[in-house]
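Spelled out, the chains give:
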Amino acid sequence: MPSDLLQPCPGYQGPTPRSEGQLSDALIAELRGRSCANAKLATVEEILAAPAAQ
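Notes on the structure follow. (Residues numbered from 1 in each chain as written. Predicted model: local features only at pLDDT ≥ 70, side-chain atom pairs only at ≥ 80, totals over all residues. Heavy atoms only, no water.)

What about a nonpolar patch on the surface?
Stage number 1. A surface patch of nonpolar side chains, about 440 Å² in accessible area, is lined by M1, L6, I47 and L48.
Stage number 2. The residue M1 is located in the segment before α1 (20-49) in this model. (Patch = residues over 30% accessible without salt bridge, like charges linked within 9 Å, V, L, I, M, F, W, Y side chains within 5 Å. Areas by Shrake-Rupley, 256 points an atom, 1.4 Å probe, with all protein chains shown as cover. Salt bridge = Lys/Arg side-chain N within 4 Å of Asp/Glu carboxyl O. Helix = DSSP H or I, 4+ residues; strand = E, 2+ residues; numbered from the N terminus.)

A short note on the state of the cysteines
Stage number 1. Counted according to the given criterion, the structure contains 1 disulfide.
Stage number 2. With its sulfur 2.1 Å from that of its partner, C9 forms a disulfide with C36. With the S-S bond torsion at -65°, the cross-link from C9 to C36 turns out left-handed. Of the two residues, C9 is situated in the segment before α1 and C36 in helix α1; the sequence distance between them amounts to 27 residues.
Stage number 3. Exposure remark for C9: the relative accessible area of 22% places this residue in the partly exposed category. (Disulfide = S-S within 2.5 Å. Buried < 20%, exposed > 50% of the residue type's maximum accessible area, 1.4 Å probe, protein only.)

Written as structure tokens, this is what we have:
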């Protein structure tokens, strides 16, 4: 399994948002992190579902 699939995906790491702009930035960062994680999970699923090479 590729080692990059085992690395964490970044999400929002900043302070608690205090304005609409900061909240928007935090939501976008979380969406990107979740999309990254879901893509990695889908790839792992494909690897695990593939027949074993003999």
